[in-house]
Amino acid sequence: EYVQELTDRYIAALAADGEDTSDVGPRREFWRFAWWQYTMTSPDLLRNRVALALSEILVISEVPDLVRHPLGLASYYDLLLNNSFENYRDILFHVSMHPTMGEYLTHLKNEKTNREKNRFPDENYAREIQQLFSIGLYELNQDGTQKLDGEGKPIPTYDNGDIAEFAKV
């Protein structure tokens, strides 16, 4: 809401100066201003810290494409704020369904396999959700050490076949 408020003020100021505002939209700085405004004034410090921690795990970035979508960036952070205290599975679901994550990790509008056209689903998000957002590369013991197979090698949690199948979702 604050990003939109800043945008409305900006457009009003431009219009007052007689400038054309037909192509004016939210600026990336507005999303940053909104984040700082919330961070500095919110009485819910714990929720803000949890959302910040989640944003550093469930990462999206302005670069390269989301820089043009400050309302999407703000909406994503609001999602993390609003769901800070949910269980992680629900948070992963909400994050997976958010358009900015779909844009950032390229699973938005992911197409079905079409062997005749040599087209396959994008595997980027399927890999990231398993490797970075949830189970990691290797199975772990309760103390956090890697489980080892009979040859002393770490046991993978998934393989490329799992990624290819998960990308179809």
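One can find the structure itself at the top, above this paragraph.
Computed from a prediction, not measured in an experiment: that's the story for all the values here.

Trainee: I'd love a proper account of the pattern of salt bridges, names of residues and values included.
Mentor: In the structure shown here, the tally under the stated rule is 10 salt bridges. A salt bridge links Arg68 to Asp65, with the nearest nitrogen and oxygen atoms 3.9 Å apart. Overall, the relative accessible area of 56% leaves Arg68 in the exposed class. What you see here is one network of salt bridges that share partners, running through Arg27, Arg28 and Glu29.

Trainee: Mind laying out the packing of aromatic side chains, listing which residues take part and the relevant values?
Mentor: Tallied over the full model, the rule gives six aromatic pairs. Relative to Phe30, the ring of Tyr10 has its centre 5.7 Å away and its plane inclined at 75°; by these criteria the two rings are edge-to-face. With Tyr10 in helix α1 (residues 2-16) and Phe30 in helix α2 (residues 28-41), this pair connects stretches of sequence that are 20 residues apart. Owing to a relative accessible area of 27%, Tyr10 belongs among the partly exposed residues under this scheme. Each ring, one from Trp31 and one from Tyr77, has its centre 6.2 Å from the other, and the planes form 55°; the classification is tilted. With Trp31 in helix α2 and Tyr77 in helix α4 (residues 70-82), this residue pair connects regions lying 46 residues apart in the sequence.

About the thresholds
Position numbers for residues start from 1 in each chain and track the written sequence from start to end. Per-residue local features of the predicted model are confined to residues with pLDDT of at least 70, and side-chain atom pairs are confined, for both listing and counting, to 80 or more; whole-chain, interface and lining totals are unaffected and use all residues. Side-chain numbers here rest on the full set of heavy atoms in the structure, without hydrogens or water. The rule for a salt bridge is simple: a side-chain nitrogen of Lys or Arg has to be within 4 Å of a carboxyl oxygen of Asp or Glu. Exposure classes here rest on a 1.4 Å probe applied to the protein chains alone. A residue is buried below 20% of its type maximum, exposed above 50%, and partly exposed in between. Stacked, edge-to-face and tilted are the three classes for Phe, Tyr and Trp ring pairs, Trp counted by its six-membered ring, which pair at centre distances within 6.5 Å; planes under 30 degrees apart are stacked, over 60 edge-to-face, the rest tilted. Secondary structure counts use DSSP, requiring at least four H or I residues in a row for a helix and at least two E residues in a row for a strand, with both numbered from the N terminus.

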